[in-house]
Amino acid sequence: MTTVRTDSQTLQYGRRRSNTLQSAVGNPPPAPLKHGDFKVLNTWVHEPKESSKVIFNQSWWPGVAEGDVLRVTALLSEDSSGFIFTVPKDEGCSKPTLQISLPKNVADVFGLKNNTEVTLTKVNREEYSADYIEFTFQDQYLGRNDMWRLGEHLVGQCVFVEQEISFIGVIAAKVQNIHVNGNKVSAGYVTSKTKAIYRSLSAKVTIFIQVCRELWEFAGDGERYNEKIIHSFLPALFAKWREAGTNHTVTIVLISRVFYDESELEYAAGPLRRDEDGNWYKDFYKVITDLEVINDWKPTLVDLKDSFWAFQRDILFTHHYHRAFVESTNPDQARLVGRISYAHDGPILEALNLALNPNETHYIDRSLSLTGAATILITPGTGYFRVSKPLLRLTTTRMLDHGFGLDLVCLAKRPLHQSPILSFRGYEPKTDKDGKNGSRTADPLWGGDEPPNDATKLEKVTFWWEPFWIGVTFWDRQMDLPFRRGRFIARAKMHEIQMLGLLEHDVLANIEIPFLPEIRDPTSTPPRELVVENRALTAAEAEQADMEVFVSKESPRPLQSTRISYPSSSSGTVGTLTHRSSMASERRTMASQRGSTASSRIAPILESPRRIFMDLPREGNDGLIPSLTGRSTSPSQSSMRSVRTSVPSAFMEGPITTSETASSRLAKLATSWFYNPFRSMNESQTLRSKDLSSSGGQVMPTPSIRIPRPSTIAMTPSASISRSPQPMAILHSASGGPTMSHAYDEESLTPRHGSFTRHSPLNSPPRDDMLLGKRRRATLTSLNVPLSSSFPSASSRANPSRPQSAVPYAQSSLASRWQHVFPKPVYKHEVKWASMVTPACLPLTVEHFPSNAELEFSYDVFSYDFVVDPSEMRSFMVKAPNVVGTVDQIHRAWALVVMRGMVAVRLAQGFQFVIRPRTAAASDGNAKTTRHSKSFLGEEDATPKPGGAAEVLLSTNDPVYLSMSNEIHRLSYTGEAIQVRRYVRKMPPSQPIDYECLIWPKLGVGYTELQTKFVSRGLENYGWNRLDMLVAGYEHQFNESLQCWRTKFVVIPSVDPPQVNTGPSGEKLDDEEIRLMGIDKLAEMFTKARWQFPDERGQQMTPVRFLPTTLGPVHSVMDESLMTQLDEIHAAGPLKKKMKSEREIADMPPIAIAKAMREEDGVPIKLHRWHRMSFPDSFTGFDFVDVSSREQGVEWGTKLLEQGLFVHCTGRHGFLDGHYFYQLSGECATVSTPRGWFNKPRHPNEDSFTGRGYNLSNQSRPSGISPKRSKRPLLLTQSMIIDADSTKKSDQAESVTLHHDIIQNPGTVFHFELQWIGSTARCIDDMIRQWGRTIEKYGLKLVEAYVTEISNIRERNPFQSCFPIRLSLPPPVVPDLERKVPDGTQITHYFEYALLKQFGFIVDIESTNLYPRDVEVQYSYRRAPFKYSQFVHRSGVAFIQVLGGSQGFLFLTNRLMGGGRMGTALKSRDPKPAVAAERIRMRLQEFCGDKAALARFYEEEIAALGPDEPPPLSI
């Protein structure tokens, strides 16, 4: 190692030598640096604007070469972690005195100041190559395709913690953590194998709080569980959110199940359901917060506390009485009926599925500022739940498809059984001999569907199933009782006894805990005479035993002997497995011995090896899990053991060490049950016994263990396994060889897909013990069991009190979907703050890939291909490659961009790249050995897969594998065509499950019934072929079945007046004219953003044009003039006019110009209407300007107006380009409107379309229209493809389909909708925000709106619903109303419309039944007709629908205006959208409930109607 210290002499000569030509020629080049060489330099700090990278003057350190990785640390820092950077190409330095300069953001993070000395060290790049990088991002929708491209963009760069990552010109994410070899570091180097974890600070979070009997019980510290939620857990969670700076949209729901007796059913009628045991129940849900972004949580916690107190009264008493009263059964008396369930009977899966329902249509109303979802369930239970098997299967499928997990927060202490654990009843699964339903059928959850034959008469049995998609947290914080090492912790709870009074405590003397059922298997326990002496212990001995159990030792006892650990024994030692005698006298005699495990009283066990099997007893009626494996010698002794007992000790081999391991260090701080790291097995600790499988080839949950002969054990009297806080010793035979009977042959060491050991990362729940970090090396080599033996047999069902040594392959393969979210293992005793504060997005990569045999037997194969022909491919979804070369090179370049586009749309749907496991990545040869059998897959499948997401599709040579839970896609290029192979798992079709419950919405006044279905909409029947054709450019239109992302926006005339009041020429304009200018600006931006294919670029595009009108949506379709213009736009875009040159117009007399304007292809001169005024023989400034270019047109219009050729109809304005009416004047005006433009001039009083005799109500039909007559379709929208990347910063095509209205009323709402798949949401968001800022000054507001009508909102999100506002006084019926209102006024719901207008609402969308019967109105963005007319508030914060009559309205807060979303850039004085909406609702509700106020309003409206037949205005 060389050390170089700069001094004045070195500085002087160093600088001179680097700047002279002679030295460059004469001196030999310096020797390259070695790893570890360092140099001290002076650092400057510069602003990131100057350069975002380190500026390094390489002349100060000869020998530095381009590409070297250097570490920068403070001079006197002992911390080796510092900032690293890659040396760039030496281009000289403009400042010779500069040695090294760091960007200010880097210097701030690492505490380096300007003009201080730092140490530069050359380091090995491999040692700093990041395995995982965790990113956080906020207020944006980061799609999975964006994540992939961002990861590729970072390859080869050095990153540091807290660094803001720029991507395509914007800050996309921030580095939160960097992991190298399992350790967190401050800086790292990104390689193509680095895995990225994306965590969202702006997610949709749903918090379920289970209300059950235990909620009002006391915890061990004297606090009720409901108080723990409000005073302890939720404040801690919200504090973490605040600390992390999150911006989550939160929904909080109370969930409960109430059981009823048969006698109560009539009174408790409603959505009653029956469980599998025949018990009647109803499920209740109360919404506390509804999709709200909340900064101050105190009021919400107060509401929650009030809801807890009122909850029992509401669901057991008030609800039933109110329901009976509403149904007019007039109950004699109010009754208290039903009983709240225990925690294990709660509607957990039902609530989870209700939360999943909105995600089935996640692509609709796609927020551009939210990413990800988190679900948290808070329960006072222990994590055990009884569930329905079909619902559990459906829930598991849906959780996998959506890529979500559940965070379960248990307020109770950790139980003595496995948790979380679900129990369900079902038939024993049969072996799937023909492979029809895939390899999962032997799993109790996925198999056992068909009831057995009547001849067998088998009953359903109880299965226990550990859900891998639940991460559990045990919240047992006690503020007044800090954790002490020697404190006894009770693990069993008896609520009834806890609640006894002081005087009744003598009852404790009579309590006797019954023995468990006798175990009849003579091989399962040692012989009676070998166990224990048949006498009671003395008090001193008992005291000594207690001391040994409950007091932590200062240092671990040395392990002098090999100890035996029985994984299934809750008592912990072999000696305490006392033989159960059937004689009552022996039981009574032994009762006193149950509490004693003093080792001095236990003789060594002398027995031959034998197997220990125990079946799970039949489930009792109480639903509690009994202790299953023998009498516990003392409650505390079991409590000292972890839920997962020391299983590895019986399986691992290796020397016994007394060195202080991490576990023993932890053991000094706490008893062993508390810190129980569930380690994965090392590679050397691979299981080697075929005894693990039974004769049928099935793995037993408690494997057979060979207990060494007595001669091999020298057991010390004091050695008690269960109370030792140290790791268990590893079992050896006398010879020191493996204790298992047989060793595998070499062939079996090839990785196979058998059951993974419980301690390997792939086997336990994601976000939980299964943490798939650096220990992933055990994933495929832990248990080399053939596939056929990877499922439990009937006799080896999971036992929650005896954790299995292996997780079934069916579960471990599915759980691997979350594998790459866990850089380090997470243990059960930890609080999972990471997933609850910043939920992780589904990883881009997965390592699991089925074997050839499984692919052949368990999957159906579908394939298609399409030829790559660049001349035929006109795709707007991919960027055409810029390549020059041979035909093959061009075709390959096109194939590559198309395949990247195909990958992007698959990532968006939740697919993951299949990559090589790290063990296989070391040598490519290993990957090939796993596929030595030839099958229908072909030989090419033996090619190794990429090592990371950034290695995918670097060329077209290697195929790409993408995987989902039940589907695998293989994309490859054959040299001519792109081939797609789809492997779809053979699965029994999942049936939808009907569900009924009662929900109290946020603004509701009681529980309302909800009927819904739980459906898994998998992608097995998705139109992949069509989508790939669209990507390739052989199709050009989105189909409804493609589930493209959809976001709808409305342009609303805002409450505030426009900020400008003059036109382009300086003329003063009114608010309406300014808003028309703003809409024209929007049309210009639409035109500018239009996508053009490469061969069309440079051509002039037809500008987008809107048709202004003052008529409402219904009356505008009956305006013949407007409909004719609409037909012209659809026919060929706006008509191309004859272009008169400036010179021609200058030479023409005014009469000739007027004549030219009247020609068929001239300026449309016709009758125009505006605000019930008629302008016959008029034309608009917009139409006139089309005569020439727009600038020239305005110039000539101004000149001709000054010459007197035409005048403004009202004389208010000069010539303006826009919707301003002009009439020819003087002699030029003598000629009437030519008929070439329209079939027939329209008379103002004509009744054919808009006359007052036309009745728009749905009771009558216009005369002359036959009921069978076909409707005339009217398409009122236009569609086009736009480019969201106007700055051309993106590396892909950012194309979006735009659907927009054509007819536009400045007083109502203008709509447009965006649709896309795989485009970068940030580009779309930036484009939308720019549009919003541009039109804001014109008095227009751009707001995100719901795609569907608000009355259907509950079908998509059951927890969200409209608030009904009834009219206490129905609107009056006015005879001949249509004759008293002005032309073009909507008479249906006349008074409701007037009332809403008074409260600041404007028409959004009219009900379909208000349109004429002979017209079928079509909108390309509207999928279903609207049942009710819909209004939106001018602030955009609320929508309302008109039901009519006394039913009044449905009110809905616009939750799409959440934090950071479009339309929320309000001024600081404005309230938040939800608060503003609530004020509007309360004012409206108060008004509608006031009969006197309503009567006055109706009278004023009738008085304002005026006389019949108002005369038409004509100018």
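For clarity, every value in this text was computed on a predicted model and none was experimentally measured. (Residues numbered from 1 in each chain as written. Predicted model: local features only at pLDDT ≥ 70, side-chain atom pairs only at ≥ 80, totals over all residues. Heavy atoms only, no water.)

Asker: Just to check I follow, could you spell out the overall build of the protein chain for this structure?
Answerer: Assigned secondary structure in the protein chain consists of 34 helices and 54 strands. In the protein chain, buried positions account for 56% of the 1515 residues. A fraction of 78% describes how many contacts in the protein chain between residues 6 or more apart in sequence connect residues 24 or more apart. Carbon together with sulfur atoms contributes 52% to the accessible area of the protein chain, which is approximately 66000 Å² in total. (Helix = DSSP H or I, 4+ residues; strand = E, 2+ residues; numbered from the N terminus. Buried < 20%, exposed > 50% of the residue type's maximum accessible area, 1.4 Å probe, protein only. Contact = heavy atoms within 4.5 Å. Areas by Shrake-Rupley, 256 points an atom, 1.4 Å probe, with all protein chains shown as cover.)

Asker: Can you walk me through the packing of aromatic side chains in this structure?
Answerer: For any pair of aromatic rings, the description consists of the separation of the ring centres together with the inter-plane angle of the planes. Taken as a whole and assessed by the stated rule, the structure comprises 42 aromatic pairs. Ring centres 6.2 Å apart and planes at 5° place the aromatic pair Phe233 and Trp833 in the stacked group. Residue Phe233 is located in helix α5 (residues 225–244), and its partner Trp833 is located in helix α16 (residues 833–837); the two are separated by 600 residues in the primary sequence. In this structure Phe233 comes out as buried when scored by relative accessible area, which is 0%. Accessibility expressed as a relative area gives 16% for Trp833, which makes it buried. An aromatic cluster of at least three residues, connected via ring pairs, comprises Phe1049, Phe1086, Phe1106, Phe1310, Phe1312 and Trp1331. (Phe/Tyr/Trp six-rings, centres within 6.5 Å; stacked < 30°, edge-to-face > 60°.)

Asker: What is the right way to read the pairing of strand β8 (residues 132–137) from this model?
Answerer: Looking along a regular strand, one sees the side chains alternate between the two faces of the sheet. For β8, the buried fraction is high: six of the six residues fall into the buried class. Residues Tyr132, Glu134 and Thr136 point to one face of β8 and Ile133, Phe135 and Phe137 to the other, with burial holding for every one of them. In terms of strand pairing, β8 meets strand β11 (residues 170–180) through five bridges, oriented antiparallel. Bridge pairing in β11 places Ile133 opposite Ile178. Pairing geometry for β8 and strand β14 (residues 195–200), over six bridges, is parallel. (Pairing = 2+ DSSP bridges.)

Asker: So what exactly am I meant to see when it comes to the sheet that holds strand β48 (residues 1363–1365) here?
Answerer: Whenever strands of a sheet pair, they do so through backbone hydrogen bonds, lying parallel or antiparallel. Spatial strand order, β48-β53-β52-β51-β49: five strands in an open sheet with antiparallel pairing. Both edges of this open sheet fall to β48 and β49 (1401–1405), since each of them pairs with a single strand only. Strand-to-strand, the axes of this sheet are offset by a mean angle of 30°, without reference to chain direction. Across the sheet, helix α32 (residues 1390–1398) is in contact with β49, β51 (1429–1433), β52 (1438–1442) and β53 (1449–1453); its angle to β52 comes to roughly 165°. (Axes fitted to C-alpha atoms, helices over the stretch in contact; angles between N-to-C directions.)

Asker: Hey, could you run me through the confidence of the model for the protein chain in this one?
Answerer: Should pLDDT be low for a region, the predicted coordinates there are not to be read in detail. In this model, the protein chain carries a mean pLDDT of 74, and residues with pLDDT of at least 70 account for 68%. Mean pLDDT in the protein chain bottoms out at helix α12 (residues 635–639), which sits at 36, and peaks at strand β15 (residues 204–210), which reaches 96. The model gives residues 522–533 a pLDDT under 50, and that stretch makes 25 contacts with residues more than four places away or in other chains. Counted against residues more than four places away or in other chains, residues 922–940, with its pLDDT under 50, gives 29 contacts. (pLDDT = per-residue confidence, 0-100.)

Asker: Teacher, can you tell me more about α5 here?
Answerer: The terminal C-alpha atoms of α5 lie 27 Å apart, and with 20 residues this matches the ideal 28 Å at 1.5 Å per residue to within 8%. Along α5, the largest kink reaches about 30° and is centred on Leu234; proline Pro235 follows within four residues of it. For α5, the full list of buried residues reads Tyr225, Asn226, Lys228, Ile229, Ile230, Ser232, Phe233, Leu234, Leu237, Phe238 and Trp241. One or two residues past the end of α5 sits Gly245, with phi positive at roughly 75°. (Expected span 1.5 Å × (residues − 1). Bend = angle between axes of the 7 residues up to and from the residue.)

Asker: How should the sheet that holds strand β33 (residues 977–985) be read in this particular structure?
Answerer: With mixed pairing, the six strands of this open sheet are ordered in space as β28-β30-β31-β32-β33-β29. At either end of the open sheet lies a strand with only one pairing partner, and these are β28 (845–846) and β29 (859–867). Bridge analysis of β28 against strand β30 (residues 912–914) gives two bridges, and the strand direction is parallel. In the sheet register, Val846 faces β30, and the bridge partner there is Val914. Relative to the sheet, helix α21 (residues 1024–1032) contacts β29, β32 (967–973) and β33, its axis offset from that of β29 by approximately 25°.

Asker: Even after reading the chapter, I still don't get the pairing of β33, so can you show me in this structure?
Answerer: Burial analysis of β33 places eight of its nine residues in the buried class, the great majority of the element. Strand direction decides the pairing type here: β29 and β33, joined by nine bridges, are antiparallel. In the sheet register, Asp860 faces β33, and the bridge partner there is Val984. Direction of pairing for β32 relative to β33: antiparallel, over a ladder of seven bridges.

Asker: Help me understand unusual backbone geometry, please; the structure alone is not making it clear to me.
Answerer: Here the amide bond leading from Ser419 into Pro420 is cis, since omega sits at 0°, within 30 degrees of zero. Examined against the element boundaries, Pro420 turns out to sit in the loop between β22 (406–410) and β23 (421–426). Despite not being glycine, Glu162 has its phi angle at roughly 75°, a positive value. Relative to the assigned elements, Glu162 resides in the loop between β9 (158–160) and β10 (164–167). For Glu162, a relative accessible area of 41% corresponds to the partly exposed category. Within the chain, Leu953 stands out as a residue other than glycine whose phi angle is a positive 55°. Its relative accessible area of 6% is what places Leu953 among the buried residues.

Asker: Help me understand the environment of Phe311 in this model?
Answerer: With respect to the helices, strands and loops of the structure, Phe311 is situated in helix α6 (residues 298–326). Residue classification places Phe311 among the buried residues on the basis of a relative accessible area of 0%. Separated by 100 residues in the primary sequence, Phe311 and Val211 place their C-alpha atoms 8.4 Å from one another. Beyond its immediate chain neighbours, meaning those up to four positions away, Phe311 contacts Val211, Leu254, Ser256, Lys286 and Tyr1007.

Asker: Where do I start with the nonpolar core in this structure?
Answerer: For soluble globular proteins, the rule of thumb is that nonpolar side chains tend to be buried together. Phe913, Phe1086, Phe1312, Leu1314 and Trp1331 are the most contacted members of the largest nonpolar core, which totals 101 residues. Top contributing element to this core by residue count: helix α18 (residues 887–908), with eight residues. Discounting chain neighbours no more than four positions away, the residues touching Phe1086 are Val1104, Phe1106, Met1280, Ile1282, Leu1298, His1300, Phe1310, Phe1312 and Trp1331. Of all hydrophobic cores here, the second largest spans 68 residues; its members include Val1050, Leu1274, Tyr1390 and Val1403. (Core = buried A, V, L, I, M, F, W, Y, C linked by side-chain atoms within 4.5 Å.)

Asker: Is there a simple way to explain the pattern of salt bridges in this structure?
Answerer: Think of it this way: side chains of opposite charge can pair up when their charged atoms draw near. Applying the stated rule across the entire model yields 33 salt bridges. The closest approach of N and O atoms between Arg149 and Asp1291, which form a salt bridge, is 2.7 Å. Here Asp1291 lies in the loop between β43 (1277–1283) and β44 (1295–1301) and Arg149 lies in helix α4 (residues 144–154), a separation of 1142 residues in the sequence. Linked through salt bridges whose partners overlap, the residues forming this network are Asp146, Arg149, Asp1291 and Glu1294. (Salt bridge = Lys/Arg side-chain N within 4 Å of Asp/Glu carboxyl O.)

Asker: What should I look at first to understand the packing of α18 against α21 in this one?
Answerer: At a minimum axis distance of 9 Å, the contact between α18 and α21 shows a crossing angle of 135°. In terms of axis orientation, α18 runs oblique to α21. As α18 runs across α21, the sense of the crossing is right-handed. Contacts between α18 and α21 involve Val898, Gly901, Met902, Val905 and Arg906 from the first element and Trp1024, Leu1027, Asp1028, Val1031 and Ala1032 from the second. Residues that form the contact of α18 with α21 fall into these classes: seven nonpolar, one polar and two charged. (Parallel < 35°, antiparallel > 145°, perpendicular 65-115°, else oblique. Left-handed = near helix turned anticlockwise from the far one by under 90°. Nonpolar A, V, L, I, M, F, W, Y, C, P; charged D, E, K, R; others polar.)

Asker: Mind showing me how you'd approach the packing of helix α7 (residues 348–356) against helix α8 (residues 389–402) here?
Answerer: The description of two helices packed together rests on the angle between their axes and the distance between the axes. Remark: α7 packs on α8, axes separated minimally by 10 Å, with the N-to-C direction vectors making an angle of 35°. Handedness of the α7/α8 crossing: left-handed. Across from Leu349, Glu350, Leu352, Asn353 and Leu356 in α7, the residues of α8 making contact are Leu391, Leu392, Leu394, Thr395, Arg398, Met399 and His402. Counted by class, the contact of α7 with α8 contains seven nonpolar, three polar and two charged residues.

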